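Structural characterization, general
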Amino acid sequence: RKEVEQDPGPFNVPEGATVAFNCTYSNSASQSFFWYRQDCRKEPKLLMSVYSSGNEDGRFTAQLNRASQYISLLIRDSKLSDSATYLCVVNDPADSSYKLIFGSGTRLLVRP
Amino acid sequence: ETGVTQTPRHLVMGMTNKKSLKCEQHLGHNAMYWYKQSAKKPLELMFVYNFKEQTENNSVPSRFSPECPNSSHLFLHLHTLQPEDSALYLCASSQIDRNYGYTFGSGTRLTVV
């Protein structure tokens, strides 16, 4: 089983749609969770951290379900500029050097 | 300069060449990382340095040799690479006593011919 699993997509949605991505992680002791965004041929950039109580940043909402070891990202009112690959990231709790484990990413295509 | 800077942005090298990738972070972080990203594949961790000490070498072939002279600079020395080593090489930094995630450089796109 992969440490961090994501649906690779692509998710192809019209502008203005709401889209949700899911991610599962294997180690229940993980404590830090993030969503990163990676544009084509660019570096990953931190989109948002994910907190236990859930958190929102504008059109983006992240949720964490520790019992199910499940993380989600909801994007409302999709824009063309949201087209990218979204990476689910968790920390490796067994590693004191603060190693992060990256999922393979979910590709989002927003069409006009 | 701010953030994490990597040079060169693009590199084409022959299999017998020796080259080095450079990374510099201006964030005061205490950990630095090298990642490899091949086409349509996830990020692969190569090396981790905490406080200039290498703490992880993820079974990387010896033709890749990292160097961390101080907590702000990281190098990846390359020699006798193979065409399958062509990839995007990303440097990242973090503060290991904070859980703010990694900051990545813009990467070096390497092509081995």
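Up top you'll find the structure we're talking about.
Overview of the structure. Worth saying up front: this structure is predicted, and the values here are computed from it rather than measured.

Scoring rules and cut-offs
Residues take numbers from 1 onward in each chain, read along the sequence in its written order. Starting at A for chains and at 1 for ligands, labels are handed out in the order in which the entities are written. Reporting in this predicted model follows two pLDDT cut-offs: at least 70 for local features of residues, and 80 or more for side-chain atom pairs to be given and counted; totals over whole chains, interfaces and linings ignore these cut-offs and use all residues. Side-chain calculation: all heavy atoms of the structure are included, whereas hydrogens and water are not. Using a 1 Å grid laid over the protein atoms alone, points where a 1.4 Å probe fits but cannot get out form a cavity; open sets with protein on both sides within 12 Å along at least 5 of 7 lines form a pocket; any residue with an atom within 4 Å of a point counts as lining. Grid points are joined across faces, edges and corners, and a volume is the space filled by probe spheres set on the points. Secondary structure counts use DSSP, requiring at least four H or I residues in a row for a helix and at least two E residues in a row for a strand, with both numbered from the N terminus. Using a 1.4 Å probe on the protein chains alone, a residue whose accessible area is under 20% of its type maximum counts as buried, one over 50% counts as exposed, and one in between counts as partly exposed. Only heavy atoms enter the contact rule, under which two residues are in contact if any of them lie within 4.5 Å. Between any two strands, at least two bridges found by DSSP are needed for them to pair. Once two parts are brought into contact, the accessible area they lose, counted with a 1.4 Å probe and summed over both, makes up the buried area. The salt bridge criterion pairs a side-chain nitrogen of Lys or Arg with a carboxyl oxygen of Asp or Glu, the two atoms within 4 Å. The definition of a polar contact used here is a pair of N or O atoms within 3.5 Å, where within protein one atom must be able to donate a hydrogen and the other to accept one, and adjacent residues in sequence count solely through side-chain atom pairs. Gly counts as polar in this scheme, as do all residues outside two lists: the nonpolar Ala, Val, Leu, Ile, Met, Phe, Trp, Tyr, Cys and Pro, and the charged Asp, Glu, Lys and Arg. Cysteine sulfur atoms are paired as a disulfide whenever they come within 2.5 Å of each other.

1. A closer look at the layout of surface pockets
The computed volume of the largest pocket comes to approximately 920 Å³. In terms of lining residues, the largest pocket is bounded by 36 residues, among which Thr85(A), Gln37(B), Ala39(B), Lys40(B) and Lys41(B) are the most central. For the lining of the largest pocket, the secondary structure elements donating two or more residues are β1 (4-6), β9 (84-91) and β11 (106-111) of chain A together with β9 (87-94) and β11 (108-112) of chain B. With four residues, the single largest contributor to the lining of the largest pocket is β11(A). Estimates place the volume of the second largest pocket at around 250 Å³. As for the second largest pocket, its lining consists of 15 residues, and the residues nearest its centre are Glu3(A), Leu100(A), Ile101(A), Phe102(A) and Leu43(B).

2. Side note on the environment of Val13(A)
Residue and element names in this part refer to chain A. Along the chain, the position of Val-13 falls in strand β2 (residues 11-14). A residue is classified by how much of its surface remains accessible, and Val-13, at 10% relative accessible area, is buried. It is 6.3 Å that separates the C-alpha atoms of Val-13 and Leu-109, two residues lying 96 residues apart in sequence. Among residues more than four places away in sequence, those in contact with Val-13 are Val-19, Ser-78, Leu-108, Leu-109, Val-110 and Arg-111.

3. A word on the pairing of strand β3 (residues 19-25) of chain A
All names here are of chain A. Side chains of β3 alternate between two faces, with Val-19, Phe-21, Cys-23 and Tyr-25 buried and Ala-20, Asn-22 and Thr-24 left unburied. By the bridge criterion, three bridges tie β1 to β3 in an arrangement that is antiparallel. Bridge assignment links Gln-6 to a residue of β3, and that residue is Cys-23. Pairing analysis gives six bridges linking β3 to strand β8 (residues 70-75), with the strands arranged antiparallel. The partner of Phe-21 across the bridge, within β8, is Leu-73.

4. As for the interface of chain A and chain B
Counting from both sides, the interface comprises 18 residues of chain A and, opposite them, 24 residues of chain B. Across the chain A to chain B interface the summed buried area is about 1,600 Å²; carbon plus sulfur atoms make up 54%. Taken together, the links from chain A to chain B amount to zero salt bridges. For the pair chain A and chain B, the number of links is four residue pairs in polar contact (both at pLDDT 80 or more). When contributions to the side of chain A that touches chain B are tallied by element, the ones reaching two or more residues are β4 (33-38), β5 (44-49) and β10 (100-102) of chain A. In the side of chain A that touches chain B, the residues fall into eight nonpolar, five polar and five charged.

5. Comments concerning the state of the cysteines
Across all of its chains, the model carries two disulfides over all chains by this definition. The side chain of Cys23(A) participates in a disulfide bridge whose partner is Cys88(A); the two sulfur atoms lie 2.0 Å from each other. Across the disulfide from Cys23(A) to Cys88(A), rotation about the S-S bond amounts to roughly -75 degrees, and the bridge is consequently left-handed. Pair noted here: Cys23(A) is in strand β3 and Cys88(A) is in strand β9, with a separation of 65 residues, a long-range link. Judged on exposure class, the residue Cys23(A) and its partner Cys88(A) are both buried. Across the disulfide from Cys23(B) sits Cys91(B); the S-S distance is 1.9 Å. With the S-S dihedral at roughly -75 degrees, the linkage between Cys23(B) and Cys91(B) falls on the left-handed side. Residue Cys23(B) is located in strand β3 (residues 18-25), and its partner Cys91(B) is located in strand β9; the two are separated by 68 residues in the primary sequence. Across this residue pair, the class does not change: Cys23(B) and Cys91(B) are buried.

From the geometry alone we can't say anything about function, so treat these as descriptive.
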